[in-house]
Amino acid sequence: MDGFAVAFEPLNLAMMMLGCLMGLFIGAIPGLGSVNGVAILLPITFFVPPTSAVIFLAAIYYGAMYGGAISSIMLGIPGASTAVATTFDGRPMAIKGLADRALIAAAIASFVGGTISVIYFTLFAPPLANFALRFGSTEEFALMVLAFATFIGLGGDDIPKTIFMILFGLVLSSVGLDIISGHPRLIFFDLPGFYKGISFIVLAIGIYGIGEMLWTLEQAQGKVEIAKHTFGIKRGVETLKMLWRRSKLNMFLSSTLGYFVGILPAAGATPGSLMAYGMARSMAKNPEEYGRGNVNGVVAPEAANNAASTGSLLPMLTLGIPGSPTTAILLGGMIIWGLEPGPLLFSQHPEFVWGLIASLYAANLFTVILNLSLIPVFIWILRTPFTILAPIIFVLCFVGGFAPASSMHDVWLILIFGVVGYLMRKLDYPMAPLVLAIVLGPLAEKSFRQTMIAEHGDMTIFLTRPISLICLIAALGLIIYPLYLVRQRRKAKLNMEAPKS
Amino acid sequence: MKFAKTIFLGTFLTLALILTSLGNIAKADWQPQRPIEFVIMAGQGGGADRLARFIQSIIETHDLSPQPVIPINKGGGSGAEALRYLKDSAGNPHIVMATLNSYYTTPLRNPGLGVNIEEFTPIARLAEDTFILWVNSETDIMSVDDYVTAVKAAGSEDWIMGGTGTGQEDSLVTGMLQTAYGFEVTYVPYSGGGTVAKNLIGNHVNSTVNNPSEQMGFYEAGQSRPLAALTPERIPAFPDVPTFAELGHPELVYFMQRSVVAPGGIEADVQAFYRDLFEKVYASDEWKEYCSSKALQCAWLVGDELQSYFTSERDKHEEMLRAAGEIE
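Rules behind the numbers
- Residues numbered from 1 in each chain as written.
- Chains lettered and ligands numbered in written order.
- Predicted model: local features only at pLDDT ≥ 70, side-chain atom pairs only at ≥ 80, totals over all residues.
- Heavy atoms only, no water.
- Helix = DSSP H or I, 4+ residues; strand = E, 2+ residues; numbered from the N terminus.
- Buried < 20%, exposed > 50% of the residue type's maximum accessible area, 1.4 Å probe, protein only.
- Contact = heavy atoms within 4.5 Å.
- Areas by Shrake-Rupley, 256 points an atom, 1.4 Å probe, with all protein chains shown as cover.
- Pairing = 2+ DSSP bridges.
- Axes fitted to C-alpha atoms, helices over the stretch in contact; angles between N-to-C directions.
- Patch = residues over 30% accessible without salt bridge, like charges linked within 9 Å, V, L, I, M, F, W, Y side chains within 5 Å.
- Salt bridge = Lys/Arg side-chain N within 4 Å of Asp/Glu carboxyl O.
- Buried area = accessible area lost by both parts, 1.4 Å probe.
- pLDDT = per-residue confidence, 0-100.
- Parallel < 35°, antiparallel > 145°, perpendicular 65-115°, else oblique.
- Left-handed = near helix turned anticlockwise from the far one by under 90°.
- Core = buried A, V, L, I, M, F, W, Y, C linked by side-chain atoms within 4.5 Å.
- Domains from an automatic or database assignment.
- Expected span 1.5 Å × (residues − 1).

A. Spatial organisation of the overall build of chain B. Broken down by element type, chain B carries 11 helices and 11 strands. For chain B, buried positions account for 59% of its 328 residues. For chain B, restricting intrachain contacts to residue pairs at least 6 apart in sequence, the fraction spanning at least 24 positions comes to 78%. Approximately 12,800 Å² of chain B is accessible, and the part contributed by carbon and sulfur atoms is 52%.

Encoded structure:
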């Protein structure tokens, strides 16, 4: 409870609000994720006490998680890597004229995800830190297999296409320098730009930003009229009721999943949100609705990414290992402020730890209010005529792709991926598995090779370690169950058709 | 058609506007005109990363640079990503890089990378970092003798040494230990020293040769145990930890240099700006305090002397790598 006293000191409260606001905008601008935001703003914090500093940075981190959803939903461009999964259903909802619903769902889901994860944090921090310690490369690889399985399983009738897209993504993810040995791989045409690999944000902006725009333009044939956007209190209340009815379980499960993925070192919020999306879809009664504007497809990743962002603070504080790129920068900050992260931090600097946690509660509440009250503004922006909006989106795509690495190479790649994305969309290939593969590919490869080196190529280790075994069994189930469903459906179809012939 | 034209024109105009504003960077008598990229040759959370961010904090708190210094991690492929980036940025005055010893080893192991460190501009060496042999404190290994017995009893298959990338410092130190004591271990590379430290505490590896700063948090919590240091003298922060030299192996001495370099092809006044900047960092109280508490040895070196230090160290590492069978 002393934590709340710390959180509500005027300076800390002000830092928290400022952080949330800045995070919201940083997250909403494509290409500028919380990593850049926190890195740019870190120096500001050298001049305030450490607790206020970390509160400020954590608030930015939090705000950016909300903000990322805004451009994902409104423009179809992921504002941050953590919000890619939000575009899958958020953008179709906006096209259907349900942007207000998607935005409300994102805000509420983020709030729930953040709150649930802070509660987990408060209650179970020390045992969870132990859990994170037990997670070695073996477990990490098994978890990655599970993540891929959720996406294969939900391919529905299009399992071959899903597998093809995952493989395509894995090939793209192996471009660049080999993770273990440092040897260059797949450097096409000897272009030096490929040494740094294909950035996931470049792929996502190309496919979702440019590809999506091309598609919309073709559909519209000049007479563009994205459905009318309205917003009203009554509609808002209806949306809240609908969310309670349809998404409460999803929110809870996604938050929990996101939190656990978040506490694993090196995973972070992006895989967490993609896995939550996959889980929500594979558990749904109507998986074919996902990707076409199902509200649960917005709720799952948004709940998960906020939960994961809290989760990734845990290994940072207790093990000194950042759970995500953003927390790595926070970690650097702690050392600068003279706090040694590690098992002793909780006992040596309780005012710091609990002040941080209390301000996460407060930041959560503040951002959800901020977001809900800004929705009318966003809707108003969406009413801009498409002839004006489309060029702005194109430009934002290029700027967003150029900014993170300041590389023209990436801008060309965005154009290429835009065309590829458009063609694949015409051929009805699912895009989500591709994005998943390029995020998780390097993690999976690294953990697999570390395990194989340690075990001298003996794969039985994956079956003898309990956490790994559980993940693999779950993965197998996720692959087999939908296959079984497909067969059942085919059989049923055949039976129906049999009498005719 | 009219519609398509409008879109095209709009895109073009807005793009043009943004690109001109991005490209509008004037070059005056040398002071940085935009934020300085501080490239780190390793992943987040490791010793190199923490150090670079700490240096950034000194620069910012004392307002030593007119432009912000922004750390950027390019840890891929044992630092190959960073080296290649520095090579491709030749002539760019807004980039400096914090080096580790992979500054020598990575170009040696990847001739295809086309990186020759003599082309880079040396700025300053700030410190030399030390190495210690660590085990988990749950084990009953109390000394190097216990350690050697345990490794030999387990056999190379079952004794896992965790470390940073293959061919980097940790693996070279491991090689030195193997030669000195005549045992074999299985070496598993991780992405950063922080992860290595965590894997020791989680019992995923049996021993590590972390820098003191990477194990400090766990050491203070009593979770890891230092056995011996690879330094000529005892490390002041660890007065009870013997050196390998005391234990009869004076050849087991290895340091990691912590320096700053810039791309090749930059002007002399740019080099002078950065040398002054880092000299102020070196002279700060925070830096001295950091060196003693994290068990680094402050060791200032600049200019041609630094460049010849780099080349002689590179030649030493070439021999070590050849001895380890890493290169031909």
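B. Just the side chain of His-409 of chain A, in detail. With respect to the secondary-structure elements, His-409 of chain A resides in helix α18 (residues 408–426). Excluding residues within four positions of it along the chain, His-409 of chain A makes contact with Leu-191, Gly-193, Phe-194 and Lys-196 of chain A.

C. A look at the environment of Ile-36 of chain B. Among the structural elements, Ile-36 of chain B can be located in strand β1 (residues 36–40). Spatially, the C-alpha atom of Ile-36 of chain B lies 4.7 Å from that of Val-69 of chain B, the residues being 33 residues apart in sequence.

D. Representation of the sheet that holds strand β11 (residues 296–302) of chain B. Residue and element names in this part refer to chain B. In space, the six strands of this open sheet follow the order β2-β1-β3-β10-β4-β11, with mixed pairing throughout. Only two strands of the sheet have a single neighbouring strand rather than two, namely β2 (69–73) and β11. Direction aside, neighbouring strands of the sheet carry axes that sit 20° apart on average.

E. Quick peek at a nonpolar patch on the surface. Residues and elements named next belong to chain A. A surface patch of nonpolar side chains, about 500 Å² in accessible area, is lined by Val-171, Leu-186, Phe-188, Phe-189 and Leu-191. Relative to the helices and strands, Phe-189 is located in the loop between β2 (184–185) and α9 (200–220). Here Phe-189 falls in the exposed class, since its relative accessible area comes to 78%.

F. Spatial organisation of the interface of chain A and chain B. At the junction of the two partners, chain A supplies 57 residues and chain B supplies 54 residues. Between chain A and chain B lies a buried interface of about 4,500 Å² when both sides are counted; carbon and sulfur atoms form 69% of it. Put simply, chain A and chain B have zero salt bridges between them. A per-element tally of the side of chain A that touches chain B places helix α17 (residues 386–402) of chain A first, with nine residues.

G. Inspection of helix α4 (residues 102–109) of chain B at higher detail. Counting buried positions along α4 of chain B yields eight of eight residues, so the element is predominantly enclosed. Structurally, α4 of chain B contributes buried residues whose contacts are with α3 (80–88), β3 (95–99), α6 (169–181), β10 (256–262) and α11 (303–323) of chain B.

H. Broad picture of the sheet that holds strand β7 (residues 186–189) of chain B. All names here are of chain B. Spatially, five strands are ordered β7-β6-β8-β5-β9 in an open sheet, and the strand pairing comes out mixed. Sheet topology places β7 and β9 (224–229) at the edges, where each strand pairs with a single neighbour. Sheet topology places strand β5 (residues 132–136) next to strand β8 (residues 207–208); two bridges connect them, and they run antiparallel. Bridge pairing in β8 places Val-135 opposite Ser-207.

I. Representation of the confidence of the model for chain B in the model. A residue-level look at chain B finds 89% of positions with pLDDT of 70 or above and a mean pLDDT of 86. pLDDT under 50 marks residues 20–28 of chain B. Its contacts with residues more than four places away, or in other chains, come to five contacts.

J. Spotlight on the pairing of strand β4 (residues 121–129) of chain B. Residues and elements named next belong to chain B. Along β4, nine of the nine residues are buried, which leaves the element largely enclosed by surrounding structure. Here β4 runs beside β10; their pairing, made up of seven bridges, is antiparallel. Within β10, the residue paired with Ala-127 across the bridge is Arg-258.

K. Just the packing of helix α2 (residues 10–28) of chain A against helix α4 (residues 50–74) of chain A, in detail. Residue and element names in this part refer to chain A. Look at α2 against α4: their axes get within 6 Å of each other, and the N-to-C directions meet at 30°. Compared by their axis directions, α2 and α4 come out roughly parallel. Two packed elements cross with a definite hand, and for α2 against α4 that hand is right-handed.

L. How the structure looks around the nonpolar core. Tyr-103, Tyr-147, Leu-177, Tyr-274, Phe-278 and Trp-287 of chain B are the most contacted members of the largest nonpolar core, which totals 228 residues. When residues in this core are grouped by element, the largest group, 15 residues, is from helix α6 (residues 99–134) of chain A. When residues of this core are assigned to domains, at least three fall in each of domain 1 (34–129 + 255–323) and domain 2 (132–229) of chain B. Contact partners of Tyr-147 of chain B, with chain neighbours within four places excluded, come to Leu-133, Val-135, Ile-141, Trp-159, Met-161, Phe-183, Ser-207 and Leu-227 of chain B. If you look at the next biggest cluster of nonpolar residues, it comprises 15 residues, including Val-196, Met-216, Ala-229 and Ala-295 of chain B.

M. View of helix α19 (residues 432–455) of chain A. Residues and elements named next belong to chain A. Look at α19: 33 Å from first C-alpha to last across 24 residues, which is about the 34 Å you get at 1.5 Å a residue. With respect to burial, α19 is a largely interior element, 19 of its 24 residues being buried. A positive phi of about 55° marks His-456, the residue just after α19.

N. Spatial organisation of the pattern of salt bridges. Under the counting rule described, the total for this entry stands at 13 salt bridges over all chains. Ionic pairing is found between Lys-426 of chain A and Glu-218 of chain A, a salt bridge with its closest N-O pair at 2.6 Å. With a gap of 208 residues between them, Lys-426 of chain A in helix α18 and Glu-218 of chain A in helix α9 connect regions that are remote in the sequence. For Arg-125 of chain B, the salt bridge goes to Glu-128 of chain B, with nearest N and O atoms at 3.7 Å. The burial state of Arg-125 of chain B is the same as that of Glu-128 of chain B; both residues are buried. Put simply, Arg-185, Glu-445 and Arg-449 of chain A are held in one network by salt bridges that share partners.

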